[in-house]
Amino acid sequence: MSVVNAAVFGVHLIFAALWAGTVLFMTYAILPTAMNGDSSPGPLSAITGKLRTVSRASATLLFLTGGHLAATRYTAESLTGTGRGHLVITMIVLWFILAGLVEVGASKLSDGFDQQKVREPARNARPFLLGASLVSILLLLDAGAILGLY
């Protein structure tokens, strides 16, 4: 593996872990606090903004680094005709689903926080963030499966 590929792979892994960890922390720690009404809209709005920033930056970097890795490691035939290629395609689909779930969940939170509400927006965002958490775990499992096939 070249130095460039190793660096690209490292950035890819770091941002995948950051994205998944941020989503899981938001769902596990922040969302229940909001649902209980134990925080105020201001700090929750700032946290939601950070979630969006991490999600958007990670999606962009994963697209770029993943594209580089796929271009240097796979052909069209190996992506569509091998188990490892199918895992890569699954990962791409899961990234899009994760990005969409985070965007919808964060929008529901932000809209409510802008109206100075806390509990209702947290309840409205919960299904989307729970789904995003599940997809984050599936992405990490998928990545482990891809690495296990090397």
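The structure we're discussing is the one just above.
Remember, it's a predicted structure, so these values are computed and weren't measured experimentally.

### Details of the layout of surface pockets
Then, number 1: Approximately 540 Å³ is the volume attributed to the largest pocket.
Then, number 2: In terms of lining, the largest pocket is formed by 29 residues, of which the most central are His12, Leu62, Gly66, Met91 and Trp95.
Then, number 3: Secondary-structure elements contributing two or more residues to the lining of the largest pocket are helix H1 (3-35), helix H2 (41-73), helix H4 (83-114) and helix H5 (119-148).
Then, number 4: A total of eight residues in the lining of the largest pocket trace back to one element, the largest contributor, which is H2.
Then, number 5: For the lining of the largest pocket, the class distribution of residues is 24 nonpolar, four polar and one charged.

### What to know about a nonpolar patch on the surface
Then, number 1: A grouping of Leu134, Ile137, Leu138 and Leu141 is seen on the molecular surface, where their side chains present a nonpolar patch of about 370 Å² in accessible area.
Then, number 2: Inspection of the secondary structure puts leucine 141 in helix H5.
Then, number 3: Given the relative accessible area of 57%, leucine 141 is considered exposed.

### Observations concerning the environment of valine 93
Then, number 1: By secondary structure assignment, the location of valine 93 is in helix H4.
Then, number 2: Judged by relative accessible area, which is 45%, valine 93 ranks as partly exposed.
Then, number 3: Sequence spacing of valine 93 and leucine 139 is 46 residues, and the spatial spacing of their C-alpha atoms is 9.7 Å.

### Concerning the side chain of serine 110
Then, number 1: Within the secondary structure, serine 110 sits in helix H4.
Then, number 2: Beyond its immediate chain neighbours, meaning those up to four positions away, serine 110 contacts Thr48 and Arg52.

### Describing the packing of H2 against H4
Then, number 1: Where H2 contacts H4, the two axes come as close as 10 Å, and the packing angle between them is 160°. By the angle between their axes, H2 is roughly antiparallel relative to H4. Once H2 is placed against H4, the crossing between them reads as left-handed. Judged by residue contacts, Pro41, Leu44, Ser45, Thr48, Leu51, Arg52, Ser55, Arg56, Leu62 and Gly66 of H2 engage Trp95, Val102, Glu103, Ala106, Ser107, Leu109, Ser110 and Phe113 from H4.
Then, number 2: Of the residues in the contact of H2 with H4, the class split is nine nonpolar, six polar and three charged.

### With respect to empty space enclosed by the protein
Then, number 1: For the structure shown, the criterion picks out one cavity of 30 Å³ or more.
Then, number 2: Taken as a whole, the largest cavity holds about 30 Å³ of empty space.
Then, number 3: Forming the walls of the largest cavity are Met26, Ile30, Leu31, Ala34, Leu44, Thr48, Leu109 and Phe113.
Then, number 4: Elements that contribute at least two residues to the lining of the largest cavity include exactly H1, H2 and H4.
Then, number 5: Here the lining of the largest cavity takes four residues from H1, the largest share from any one element.

Parameters at a glance
- Residues numbered from 1 in each chain as written.
- Predicted model: local features only at pLDDT ≥ 70, side-chain atom pairs only at ≥ 80, totals over all residues.
- Heavy atoms only, no water.
- 1 Å grid on protein atoms, 1.4 Å probe; cavity = no way out; pocket = protein on both sides within 12 Å on 5 of 7 lines; lining within 4 Å.
- Points joined across faces, edges and corners; volume = space filled by probe spheres on them.
- Helix = DSSP H or I, 4+ residues; strand = E, 2+ residues; numbered from the N terminus.
- Nonpolar A, V, L, I, M, F, W, Y, C, P; charged D, E, K, R; others polar.
- Patch = residues over 30% accessible without salt bridge, like charges linked within 9 Å, V, L, I, M, F, W, Y side chains within 5 Å.
- Areas by Shrake-Rupley, 256 points an atom, 1.4 Å probe, with all protein chains shown as cover.
- Salt bridge = Lys/Arg side-chain N within 4 Å of Asp/Glu carboxyl O.
- Buried < 20%, exposed > 50% of the residue type's maximum accessible area, 1.4 Å probe, protein only.
- Contact = heavy atoms within 4.5 Å.
- Axes fitted to C-alpha atoms, helices over the stretch in contact; angles between N-to-C directions.
- Parallel < 35°, antiparallel > 145°, perpendicular 65-115°, else oblique.
- Left-handed = near helix turned anticlockwise from the far one by under 90°.

None of this, on its own, says anything about what the molecule does.
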